[in-house]
Amino acid sequence: MNQATVLAQVARSFANRPALSLGTDSLFDYAGFAERVARLAGGLRALGLQDGDRVALVMKNCPAFWETLYAVWHAGLAAVPVNAKLHPKEHAFILQNSGSRACLATPDLAADLATIDDDVPALEHLIATDGLEYAALGDGKPIPIVETRATDLAWLFYTSGTTGRPKGAMLSHRNLNSMVMNYFGDVDTILPGDSMIHAAPMSHGSGLYGLPHVAKAANTVVPRSGGFDVAETLELIERWPGATFFFAPTMVTRLITAPNIDKADLSNLKTIVYGGAPMYLEDVKRALALLGPKLVQIYGQGEAPMTITGLPKHVFTATDHPRYEARIGSTGFPRTDVEVRVVDDQGNQVPVGVPGEVICRGDVVMEGYWNNADATNSSLRDGWLWTGDVGAFDTEGFLTLKDRSKDVIISGGTNIYPREVEEVLLRHPAVLEAAVIGRPHADWGEEVVAFVRPHPGQAVGPEELDSLCLDNIARFKRPKAYLLVDDLPKNNYGKILKTELRKLAVPAAD
Ligand code: AMP
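Residues numbered from 1 in each chain as written. Predicted model: local features only at pLDDT ≥ 70, side-chain atom pairs only at ≥ 80, totals over all residues. Heavy atoms only, no water.

Novice: Help me out: how do you make sense of the site of the ligand in this one?
Specialist: If you check the shell around the ligand, you find 16 residues, and the closest are Gln 297, Ile 298, Gln 301, Gly 302 and Asp 389. The contact in question runs from a nitrogen atom of the ligand to an N or O atom on the backbone of Gly 276, over 3.0 Å. A distance of 2.9 Å is found between an oxygen atom of the ligand and a backbone nitrogen or oxygen belonging to Gly 302. Alone, the ligand offers 500 Å² of accessible surface; in the complex the protein occludes 86% of this. Those elements that place two or more of their residues in the shell around the ligand are strand E13 (295–301) and strand E20 (399–404). A per-element tally of the shell around the ligand places E13 first, with five residues. Broken down by class, the residue content of the shell around the ligand amounts to six nonpolar, eight polar and two charged. (Near = heavy atom within 4 Å. Polar contact = N/O pair within 3.5 Å; in protein donor to acceptor, adjacent residues only side chain to side chain. Areas by Shrake-Rupley, 256 points an atom, 1.4 Å probe, with all protein chains shown as cover. Helix = DSSP H or I, 4+ residues; strand = E, 2+ residues; numbered from the N terminus. Nonpolar A, V, L, I, M, F, W, Y, C, P; charged D, E, K, R; others polar.)

Novice: Explanation requested: helix H4 (residues 88–98) in the structure shown.
Specialist: Given 3.6 residues per helical turn, the α-helix brings residues three or four places apart onto the same face. Within the span of H4, buried status applies to Glu 90, His 91, Ala 92, Phe 93, Ile 94, Leu 95 and Ser 98. Phi turns positive one or two residues past the end of H4, at Gly 99, with a value near 60 degrees. (Buried < 20%, exposed > 50% of the residue type's maximum accessible area, 1.4 Å probe, protein only.)

Novice: Looking at this structure, I do not really get the pattern of salt bridges. What am I missing?
Specialist: Once the charged atoms of two side chains with opposite charge are near each other, the side chains can pair. On inspection of all chains with the given rule, the structure shows 25 salt bridges. Among the salt bridges present, the one from Arg 149 reaches Asp 152, with a minimum N-O distance of 3.0 Å. Taking the relative accessible area as the measure of exposure, Arg 149 reaches 58% and is therefore exposed. A salt bridge links Arg 286 to Asp 283; the nearest nitrogen and oxygen atoms lie 2.8 Å apart. Here Arg 286 pairs with Asp 283, and both are found in helix H11 (residues 281–291), just three residues apart, close to one helical turn. (Salt bridge = Lys/Arg side-chain N within 4 Å of Asp/Glu carboxyl O.)

Novice: What should I look at first to understand the nonpolar core in this one?
Specialist: Of all hydrophobic cores here, the largest spans 79 residues; its most connected members are Trp 66, Leu 69, Tyr 70, Trp 73, Tyr 209 and Leu 211. Take this core: its biggest share by element is eight residues, from helix H3 (residues 63–74). When near neighbours in sequence (up to four residues on either side) are disregarded, Trp 73 contacts Asn 2, Gln 3, Ala 4, Ala 79, Ala 154, Trp 155, His 173, Leu 176 and Leu 211. (Core = buried A, V, L, I, M, F, W, Y, C linked by side-chain atoms within 4.5 Å. Contact = heavy atoms within 4.5 Å.)

Novice: Before we go on, may I ask you to explain the sheet that holds strand E11 (residues 243–247) in this structure?
Specialist: Sheet strands line up and pair through hydrogen bonds in the backbone, either parallel or antiparallel. The strand order E2-E1-E10-E9-E11-E12-E13-E14-E15 describes an open sheet built from nine strands, whose pairing is mixed. The open sheet has two free edges, formed respectively by strand E2 (25–29) and strand E15 (333–334), since each of these has just one partner strand. Taken together, the three bridges between strand E9 (residues 195–197) and strand E10 (residues 219–222) define a ladder with parallel strand orientation. In the sheet register, Met 196 faces E10, and the bridge partner there is Thr 220. Sitting on the sheet, helix H8 (residues 205–215) touches E9, E10, E11, strand E12 (269–275), E13 and strand E14 (304–311), and the angle it makes with E9 is about 170 degrees. Relative to the sheet, helix H10 (residues 249–256) contacts E11 and E12, its axis offset from that of E12 by approximately 135 degrees. (Pairing = 2+ DSSP bridges. Axes fitted to C-alpha atoms, helices over the stretch in contact; angles between N-to-C directions.)

Novice: Quick question: what am I supposed to make of the environment of Leu 77 here?
Specialist: Residue placement: Leu 77 occurs in the loop between H3 and strand E4 (78–82). Classification of Leu 77 as buried rests on a relative accessible area of 1%. For the pair Leu 77 and Met 306, spaced 229 residues apart in sequence, the C-alpha to C-alpha distance is 22 Å.

The values reported here are purely geometric and, on their own, carry no functional implication.
Here it is in structure tokens:
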């Protein structure tokens with residue numbers, strides 16, 4: 001099932017329901033939104049794009065993202081939603097790697113992208129969403145939905161890998177449909193007239209969970225700020241009924257610690273789905289006390305959107321359960337249609353309570369990585385996705401994540417891959433070795449710290465290293481501290497021991 005077909009059907013049955021809103025203003029009802037999508041699809045095909053061609057969406061949260069996402073599917077094309085916060089060089093890599101023939105970008109980002117055209121030979125159309133060319137796409141002749149197969153690429157989800165380069169997880173129409181159906185089965189109910197407010201990036205989890213909301217004729221609301229501003233979020237909750245959000249844990253914490261939150265009118269708030277990083281038990285309890293039983297937790301990854309295990313609302317309301325705290329401190333139990341195992345290196349299931357790698361199987365698991373057979377073969381084995389997460393099941397079948405086998409740093413709910421930062425630091429001629437790790441941080445979960453070993457007799461300062469990072473990677477990935485060392489701890493194979501570095505980097509106790 002193509003989500004464009006889902007939209008077309010919903011638009012027939014719920015034509016007058018609000019479909020897309022900007023801030024407190026309604027832009028389209030479902031009939032109008034479906035018509036707009038069909039025209040944009042016609043405009044995209046008129047560019048000469050063919051079945052399966054990739055179209056990159058490099059946009060901050062905005063209505064254009066939502067209408068073009070559905071138009072791409074309507075036109076039988078594949079979407080490549082890209083995190084707007086990445087560095088232009090990272091955008092260029094994704095455009096080049098995905099072989100996107102067209103890129104639709106918000107004006108600020110389009111201007112940056114225009115300067116890197118040479119690096120991306122496949123790119124024929126770079127279209128800014130405020131320009132005449134975009135307006136012309138919307139004036140296209142509406143076309144019928146182009147037939148797609150269940151296994152056709154729908155969403156190329158760029159995640160980073162252990163190699164430090166982003167990898168494109170190929171999500172098919174079947175994968176997205178499985179995620180949509182699973183929302184209704186395990187996460188929450190949605191009624192026409194409810195709303196999904198996108199305060200988190202639509203290129204990732206928030207956008208993915210926007211799909212089940214369209215499928216049930218809910219209103220897609222894009223904040224005017226294009227992101228998460230607490231005052232605006234509260235205003236939008238007052239405006240729109242049945243409001244659902246997808247939040248990284250740090251966003252939940254920012255909301256509940258906002259001044260005057262106890263006086264805010266939260267009666268329209270229906271659900272906050274949180275995930276993407278661990279949330280501390282104390283924060284969960286504070287959120288429940290303040291917001292009421294509106295939380296749902298999910299654990300998943302781009303390779304199996306959005307859910308592998310989760311905690312639905314009824315677990316949070318069962319406060320008299322003897323294992324209540326253990327339950328709400330875990331990442332929950334497997335989704336109905338996803339098989340989950342915890343295994344050793346050989347793939348054998350380990351006993352309850354013993355940590356091992358989390359693997360899963362089901363229709364939600366990606367088709368593989370785009371143009372990357374090696375990565376696909378190591379992540380997908382006999383139909384099972386090896387998540388790279390280490391966890392353990394308890395006697396009740398609730399999963400607790402222990403560690404991340406890939407050393408990923410999660411700061412503010414966003415993954416940062418150390419290798420990528422290390423590679424940039426190693427470009428400095430005075431740097432002999434670099435190792436990047438995450439150090440616990442009260443607000444962000446973790447912050448990036450770099451250990452740098454200069455060549456003997458050479459010197460390098462933090463300012464130089466910082467400007468090197470600023471020139472090459474997104475701001476949020478750059479280290480918050482540079483620790484210069486004479487040597488790095490290594491094991492017998494010469495591999496740097498990051499576990500030792502983490503101990504060294506722990507901030508001194510007060
Ligand atoms: P991404 O592909 O960017 O969504 O990142 C997925 C990774 O985030 C997972 O492999 C986990 O390491 C981590 N993660 C996702 N959800 C949770 C959760 N609920 N609790 C702890 N870690 C999580």
